[in-house]
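# Coordinates in review
Below are the chains, spelled out letter by letter.
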Amino acid sequence: LQEKTRLERSKLRYSEKKSKNGEQELEFRANREESTRRCSDRILRELSTETYRHMITRFDEVFSAHLAEFMKNLNSDFGQKSNAHLTNLSMQLDYNGFVTSSIHEKEY
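Summary of the structure given here. Quick caveat, the model's predicted, so the values are computed rather than measured.

Geometry of a packed helix pair, given as the angle between the helix axes and the separation of the axes. Closest axis-to-axis distance for the helix H3 (residues 50–74)/helix H5 (residues 84–93) pair is 10 Å, and the angle between their directions is 140°. If you check the angle between H3 and H5, you find them oblique. Read as a crossing pair, H3 and H5 show a hand that is left-handed. Contacts between H3 and H5 pair Phe 70, Met 71 and Leu 74 from the former with Leu 86, Leu 89, Ser 90 and Leu 93 from the latter. Looking at the contact of H3 with H5, its residues break down into six nonpolar, one polar and no charged.

The following block contains the structure:
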């Protein structure tokens, strides 16, 4: 099958002579659905691999460690005494206490 340009596909979809282009439109839609299905299947296969799960777990560990270190530095005595903007930033980042509680859970 020949790949059509975006302009050609647009003209096909919105042409006023739908009856003349009916077969082309049906073929286009069928090709598009098949392409979407293949792409979805490939993504689902990738998401179910152990490598992907390990990558996401590792990303979570590294991000959480960096966030904990950042929040500790932000909440240090030096940060609270020296700059009200840093204190405000800390409060906004941890407005519901989630970050602080997760830091304390990992320490114990």
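Once the structure has been displayed, the description carries forward.
Turning next to the packing of aromatic side chains. Inspection of every chain in the model, using the stated rule, returns one aromatic pair. Ring geometry for Phe 59 against Phe 63: centres 6.2 Å apart, planes inclined by 15°, an arrangement best described as stacked. Of this pair, Phe 59 and Phe 63 both sit in helix H3, separated by four residues, roughly a single helical turn. According to the relative accessible area criterion, Phe 63 is partly exposed, its value standing at 46%.

On to the nonpolar core, then. Counting residues in each nonpolar core, the largest one holds five residues, listed as Ala 68, Met 71, Leu 74, Val 99 and Ile 103. If one sorts the elements of this core by residue count, H3 sits on top with three residues.

Here the focus is the pattern of salt bridges. Counted under the stated rule, the structure contains five salt bridges. Across the pair Arg 53 and Glu 50 runs a salt bridge, and its minimum N-O distance is 3.7 Å. You can see Arg 53 and its partner Glu 50 sitting in helix H3, three residues apart, about one turn around the helix. Here Glu 61 and Arg 58 are joined by a salt bridge, their closest N and O atoms 3.5 Å apart. Remark: Arg 58 and Glu 61 occur in helix H3; sequence separation between them is three residues, near one turn of the helix. For Glu 61, a relative accessible area of 42% corresponds to the partly exposed category. Taken together, the shared-partner salt bridges in this structure form one network comprising Glu 34, Arg 37 and Asp 41.

Thresholds, definitions, all that
- Sequence order as written defines the numbering, with residues in each chain counted from 1.
- With pLDDT at 70 or above as the cut-off, local features in this predicted model cover only qualifying residues; side-chain atom pairs require 80 or more to be listed or tallied, and sums for whole chains, interfaces and linings still use all residues.
- Working from all heavy atoms in the structure, the side-chain values ignore hydrogens and water.
- In this analysis, axes come from line fits to C-alpha atoms, helices being fitted only over the stretch in contact, and the angle between any two N-to-C directions falls in the range 0 to 180 degrees.
- Only DSSP runs of H or I reaching four residues or more are called helices, and only runs of E reaching two or more are called strands; each is numbered from the N terminus.
- An angle below 35 degrees is read as roughly parallel, one above 145 as roughly antiparallel, one from 65 to 115 as roughly perpendicular, and any other as oblique.
- The handedness criterion is simple: a crossing whose near helix is rotated anticlockwise from the far helix by less than a right angle is left-handed, and one whose near helix is rotated clockwise is right-handed.
- In this analysis, two residues are considered to be in contact whenever any of their non-hydrogen atoms come within 4.5 Å of each other.
- By the convention adopted, Pro, Cys, Tyr, Trp, Phe, Met, Ile, Leu, Val and Ala count as nonpolar, Lys, Arg, Asp and Glu as charged, and the other residues, Gly among them, as polar.
- Put simply, two rings from Phe, Tyr or Trp (the six-membered ring, in Trp's case) pair if the centres are within 6.5 Å, and we call them stacked under 30 degrees between planes, edge-to-face over 60, tilted for the rest.
- Partly exposed residues are those whose accessible area sits between 20% and 50% of the maximum for their type, while under 20% is buried and over 50% is exposed, using a 1.4 Å probe and protein chains only.
- Throughout this description, the term nonpolar core refers to a set of buried Ala, Val, Leu, Ile, Met, Phe, Trp, Tyr and Cys residues connected via side-chain atoms within 4.5 Å.
- By definition, a salt bridge exists where a carboxyl oxygen of Asp or Glu is found within 4 Å of a side-chain nitrogen of Lys or Arg.

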